[in-house]
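Observations on the three-dimensional arrangement
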Amino acid sequence: MRTETVPSALAGARRGLFEIYRKERRQEWIQASGQSMRPLIRSGSWMLVDFGALPRGVGDVVVFARGETIVAHRVVGRLRPHDAATLMTKGDARLTFDPPLARSDVIGVVRALRRDQSSRARSIGCRGGSAVLAGTASQAIGRIVGRLHVLGPRR
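Residues numbered from 1 in each chain as written. Predicted model: local features only at pLDDT ≥ 70, side-chain atom pairs only at ≥ 80, totals over all residues. Heavy atoms only, no water.

1. Examining the nonpolar core
Counted only if it meets this: What makes a nonpolar core is a set of buried Ala, Val, Leu, Ile, Met, Phe, Trp, Tyr and Cys residues whose side-chain atoms join them at distances within 4.5 Å. For every residue, the accessible area (1.4 Å probe, protein chains only) is compared with the maximum for its type, and the residue is labelled buried under 20%, exposed over 50%, or partly exposed between those bounds. Numbering of helices and strands runs from the N terminus; a helix is a DSSP stretch of H or I covering at least four residues, while a strand is a stretch of E covering at least two.
Residues Ile41, Met47 and Val110 are the most contacted members of the largest nonpolar core, which totals 19 residues. Within the residue set of this core, elements represented by two or more residues are helix 1 (8-24), strand 2 (46-51), strand 3 (61-66), strand 4 (69-78) and strand 7 (106-114). Among the nonpolar cores identified, the runner-up in size contains 9 residues, and Ala53, Val75, Leu87 and Val109 belong to it.

2. Comments concerning the packing of aromatic side chains
Filter applied, for reference: Pairing of aromatic rings covers Phe, Tyr and Trp, the last counted by its six-membered ring, and requires centre-to-centre distances within 6.5 Å; plane angles under 30 degrees mean stacked, over 60 mean edge-to-face, and any other angle means tilted. Criterion for a charge above a ring: Arg CZ or Lys NZ at most 6 Å from the ring centre, at most 35 degrees from the ring normal.
Scanning the entire structure with this criterion turns up 3 aromatic pairs. Between the aromatic rings of Phe18 and Phe51, the centroid separation amounts to 5.1 Å while the plane-to-plane angle is 45°, which identifies the pairing as tilted. Here the residue Phe18 occupies a position in helix 1, and Phe51 occupies one in strand 2, the gap between them amounting to 33 residues. Judged by its relative accessible area of 0%, Phe51 is buried. Looking at Arg114, its charged tip hangs above the ring of Trp29, at a distance of 3.9 Å from the centre.

3. Side note on the sheet that holds strand 3
Selection criterion: For two strands to be treated as a pair, DSSP must find no fewer than two bridges joining them. When checking whether two residues touch, look at their non-hydrogen atoms; a contact exists if any pair is within 4.5 Å. Here the axes come from fitting lines to C-alpha atoms, over the contacting stretch only for helices, and the angles between their N-to-C directions go from 0 to 180 degrees.
Taken together, the 7 strands give an open sheet; going across it, the order is 1-2-7-3-4-5-6, and neighbouring strands pair in antiparallel fashion. Of all the strands in the sheet, just strand 1 (27-31) and strand 6 (101-102) have a single pairing partner and so form its edges. Strands in contact with helix 1 are strand 1, strand 2, strand 3, strand 4 and strand 7; relative to strand 7, the strand with the most contacts, it is inclined by about 90°.

4. So, the pairing of strand 2
In terms of burial, strand 2 is a largely internal element, 6 of the 6 residues being buried. Because side chains alternate across strand 2, one face comprises the buried residues Trp46, Leu48 and Asp50, and the other comprises Met47, Val49 and Phe51, equally buried. Summarising the sheet, strand 1 and strand 2 pair through 5 bridges and their orientation is antiparallel. Across the sheet, Gln31 pairs through a bridge with Trp46, a residue of strand 2. For strand 2 and strand 7, the ladder comprises 6 bridges, and the chain directions are antiparallel. Counted as the bridge partner of Trp46 is Arg114 from strand 7.

5. Quick word on the environment of Val132
Inspection of the secondary structure puts Val132 in helix 2 (residues 128-151). Judged by relative accessible area, Val132 falls into the partly exposed class, the value being 42%. In this structure, the C-alpha to C-alpha distance between Val132 and Arg74, residues 58 residues apart in sequence, is 9.7 Å.

6. Some remarks on the confidence of the model for the chain
Filter applied, for reference: For every residue, the predictor reports its confidence as pLDDT, a number between 0 and 100.
Overall, the prediction assigns the chain a mean pLDDT of 89, with 89% of residues at 70 or greater. In the model of the chain, helix 2 stands out as the element of lowest mean pLDDT, 85, in contrast to strand 2, which has the highest, 98.

7. Some remarks on the environment of Cys126
By the element assignment, Cys126 lies in the loop between strand 7 and helix 2. Along the chain, Cys126 and Asp60 lie 66 residues apart, while their C-alpha atoms are 6.0 Å from each other.

And the structure:
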């Protein structure tokens, strides 16, 4: 899931604003676009981001930058079991993992969602057992797809 695609100067300004939010440890609602986190987060949904927070573990939805794009994807594991500094992330609707993410590159953590500005905020899928379950399932899908890719087509 990414925030809306914008020209380069505006993307840089947004990134700068998010860095200020991170330093001030603010919570702000930002609007999402894209399809990578469906069905939990749809284009047009609003995400309450706890800027400056770090993920607690599998299931948390983290916000980070990839180039000029701001991404919100789920933590599905750590790169190595004893390496808490490098996270594995993946969009719920994606089949493959993102490139490894340094924990220090996390801008914030999504704490709640709402479908539009007037709807009630909900944390289902962002916290607790439902988030852990979604992260575990997403990790399993990524591993299966990765193994199938390594095996290649049978002849």
